[in-house]
Structure formats: C-alpha cells, structure tokens
Amino acid sequence: ADSPEPLLEQQVLFQNGDEGYKRYRIPSLVVTNRGTILAICEGRKKTGSDWDDIDLALRRSVDGGRSWTPIRFIADQGDLTMGNPCPVVDRTTGTIWLPFCRGSAPGRGNAEILLIKSSDDGQTWSEPVNISKMAMDSSWPMVGTGPGHGIQLKSGRLLIPCWADFTPRSDEIETSFCFYSDDHGASWKLGEPLTPNASDECDVVELVDGRIYLNARSRQGKKQRAYAFSNDGGHSWSQVKNAPGQPEPSCDGSLIRLSDTDHFQKNRVLVSCPANPNGRDHITIRLSYDECQTWPVAKLLNADYSGYSDLAVTRDGTVLCLYETHGCAKITLARFNIEWLTDGKDSLRHKQP
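Just so it is clear, the structure is predicted and the values come from calculations on it, not from any experiment.

### Re the overall build of the protein chain
Broken down by element type, the protein chain carries 2 helices and 26 strands. At 19 Å, the protein chain has a C-alpha radius of gyration in line with the 20 Å of a compact globule built from 353 residues. With respect to the principal axes defined by its C-alpha atoms, the protein chain has extents near 55 × 45 × 45 Å. Taken across its 353 residues, the protein chain has 60% of its residues classed as buried. Summed over its atoms, the accessible surface of the protein chain is roughly 13,800 Å², and 47% of this surface lies on carbon and sulfur atoms. Each charge class in the protein chain was averaged separately, 39 positive and 46 negative side chains, and the resulting centres sit 1 Å apart.

Printed below as a string of structure tokens:
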C-alpha cells in the first residue's frame, strides 16, 4: 500500500484566561481503551504561579484529536494546589487512574499524592484518595507525580514516574523515583530513589527486553537529558547518566513507544523536549529504532517558545504532542504521523501474519 502523506496539524487546547483562569500549564495526555483522548493540565486560577490555587482541567476527544469537549475541572479543593497530573490506563480493566499532587496549605508546595479514577472513559471522576503513605517517603518535603503519563507493563504493573525534594529548600537536592501497583490500583508500592540530584521530572517506557528506560529532566547544569534503566519493573535503577545526543535547557519532556516488533516491522520510541540548551524553544521529536540506545531522527516541531510536553499515540498510529507554547500563554496540541517525522522515509507497517 502507498504510504500516507506527511501530516502535521496543530491547534490550541488551553489558553490563559479560559474559564477565568490566569494560566494553564503542565500538559498531560492519555488514550483510553476505547480510543478517547484525554488532555489534562493545571488550571492556575489567580496568579499563574506554581503554588497558586490550582485545579486539574480536562478536555476529551473521541475523534482522534480533531475536535474537543469544553474545559471541565475534575480536581478542585478550594485554594489548594492540585497539580502534576500523571494518568495511566489499566488496559485490563479500562480504568483510568490519575495520580496528582496536593499542597499542604494555600500557597504551599506539593506535600501529598492523591489519586482519582474514572471508569467511564474520563466522563466522571471519583473523589480523591490520599495515597501518600504508600506512594512516597514521609521524610520528603515535596513530591511531584510525572508530570505527563504513567505506563502499564506487560506484567500488568501500573508504573508512575515521579520526582521528590530531599531537603526543605525547593529545588536544592532532588531525585526521580517511581511508585507502582500490581493489583490494578487497589494498593501502591514505593520504588527506590534514583541517583541523588541527577534528575527530577521524568517519563518511563518498557523496552522489548523487559527493562524499563527512564528519560528525565537533567540537573546540575548538565544541559543533556538524563536517563537510567531498571531490571525489576521500575523498583530499582542504574546510575543516572546524561545523553549528549539529547540536548535540553533542563525542562520536562516526554517519552512514548510508537511501535514494537510484536505488531509492527520496527521498534520505535519517541522523546519530546526543547532542544536548545540555553532556552525553552525548538521543541524537537527524537526517534529511536534500537530501544533508546541511539536517536538518529530529530525533527523540529516548533522553533519558538516551547516548554513542558506530553506524548500519546492514537489507535491508528498518529502521534499527539501536547505542549506549552506562546511564552507559556497557551497549550497546543500537535497531531503528526511517522511520515512527517521522518520526511517520508518511514511508515508504520504491520507485521505480516
């Protein structure tokens, strides 16, 4: 069959002032079992700052990301910060689990991890449950889930990438870590922290050999994406290293699997992040064919301001990138195909039966 034409379409999903909120930040994407796309972010109500009165905003799409429902708020507890969305879909049950963080008091940072869930494709959501005792170390003054999305391993484990502060002074010494559930969200366990002060906001993907690859925002002025591997489903990790082939300004990015050789002819994993080490711009999509060892394809998505991002893949293999644009005044959704990413050199071909 002929390959599709290269596709790139972009539309703004959230912008400052929508629904009376000062600013929208911290994008998150997930595709449900039914193919519904959920776009989630922080609605910052009054000042737009990190510890504002923050509520979780949601828009849904049932047509592959072409059209969207109006903004709804699915987590709001008065003046408290409700941020860092990191949803995961349980493919077995269809339940969408959405861990996020709550501030300890108005104007205070993320001190607790809360969890809500939807059993009807994101139309309605449960009341929040506090899972801090299971999902974080009580000595950590501050935590952040994701932001972005969690994954489900082949084993069924639900794995949520996170970061934490080791000291009361925010952003002084931080680490990445994961927590996980092996019983479809009924209970959660805390994994071990990664190399101290080498990484923070992070994403994970399961490799075809069963290992987990973590790709993270770097620290200590390294200006290159940080990464590590886990041999035990995200509980413990190798030393964090930095990837010279993935320059960044120290910013949240995203990581997702596009295809594997169980179903397609090639393994493909994608990373999104601003590629300018000196500023949040030039968001670039990188593609690996060898399970995150090398990244031979790098395609510029937007040369202007670009901040945090999250990636998802629709049922038909279209890639979605939800990312901060316009000096952080808007959150834009890009829809593109592998043909756009590779300038027509690659197409998603199913494995021959």
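### Section: the sheet that holds strand β19 (residues 241-247)
With antiparallel pairing, the 4 strands of this open sheet are ordered in space as β16-β17-β18-β19. Both outer strands of the open sheet, β16 (199-206) and β19, are each paired with one neighbouring strand and no more. Strand-to-strand, the axes of this sheet are offset by a mean angle of 35 degrees, without reference to chain direction. Looking at chain direction, strand β17 (residues 212-218) and strand β18 (residues 224-230) are connected through 5 bridges and run antiparallel. Across the sheet, Ala 216 pairs through a bridge with Ala 226, a residue of β18.

### A look at the sheet that holds strand β2 (residues 23-31)
The strands making up a sheet associate through backbone hydrogen bonding, with each pair oriented either parallel or antiparallel. Here we have 4 strands laid out as an open sheet, ordered β2-β3-β4-β5, and antiparallel in their pairing. Edge positions in the open sheet fall to β2 and β5 (72-75), since each of these has one partner strand only. Looking at each pair of strands side by side, their axes are set apart by 35 degrees on average, direction ignored. Note: β2 against strand β3 (residues 37-44), 7 bridges, orientation antiparallel. Paired with Val 30 across the bridge in β3 is Leu 38.

### Re the packing of aromatic side chains
Between two aromatic rings, the relevant description is the distance of the centres plus the angle of the planes. According to the stated counting rule, one finds 12 aromatic pairs in the structure shown. Centroid distance Trp 140 to Phe 166: 6.3 Å. Interplanar angle 35 degrees. Geometry classified as tilted. Linking Trp 140 in the loop between α1 (132-135) and β11 (142-145) with Phe 166 in the loop between β13 (158-165) and β14 (174-181), this pair joins segments that are 26 residues apart in sequence. Given a relative accessible area of 6%, Trp 140 falls into the buried group. Pairwise contacts between aromatic rings join Phe 14, Tyr 21, Tyr 24 and Phe 73 into one cluster. Over the ring of Tyr 308 we find Arg 25, and its NZ or CZ is 4.8 Å from the ring centre. Between Lys 299 and the ring centre of Trp 340, over which it is positioned, the NZ or CZ distance is 4.3 Å.

### Side note on unusual backbone geometry
The peptide bond linking Gly 146 to Pro 147 adopts the cis configuration, its omega dihedral lying at -5 degrees. Within the secondary structure, Pro 147 sits in the loop between β11 and β12 (151-152). The phi dihedral of Asn 84 is positive, around 55 degrees, even though this residue is not glycine. For Asn 84, a relative accessible area of 7% corresponds to the buried category. In this model, His 326 sits at a positive phi of 50 degrees, which is unusual for a non-glycine residue. Structurally, the position occupied by His 326 is in the loop between β25 (319-325) and β26 (330-336).

Cut-offs and rules
- Residues numbered from 1 in each chain as written.
- Predicted model: local features only at pLDDT ≥ 70, side-chain atom pairs only at ≥ 80, totals over all residues.
- Heavy atoms only, no water.
- Helix = DSSP H or I, 4+ residues; strand = E, 2+ residues; numbered from the N terminus.
- Rg over C-alpha atoms; globule rule 2.2 N^0.38 Å.
- Buried < 20%, exposed > 50% of the residue type's maximum accessible area, 1.4 Å probe, protein only.
- Areas by Shrake-Rupley, 256 points an atom, 1.4 Å probe, with all protein chains shown as cover.
- Lys, Arg positive; Asp, Glu negative; His and termini not counted.
- Charge placed at Lys NZ, Arg CZ, Asp CG, Glu CD.
- Pairing = 2+ DSSP bridges.
- Axes fitted to C-alpha atoms, helices over the stretch in contact; angles between N-to-C directions.
- Phe/Tyr/Trp six-rings, centres within 6.5 Å; stacked < 30°, edge-to-face > 60°.
- Lys NZ or Arg CZ within 6 Å of the ring centre and 35° of its normal.

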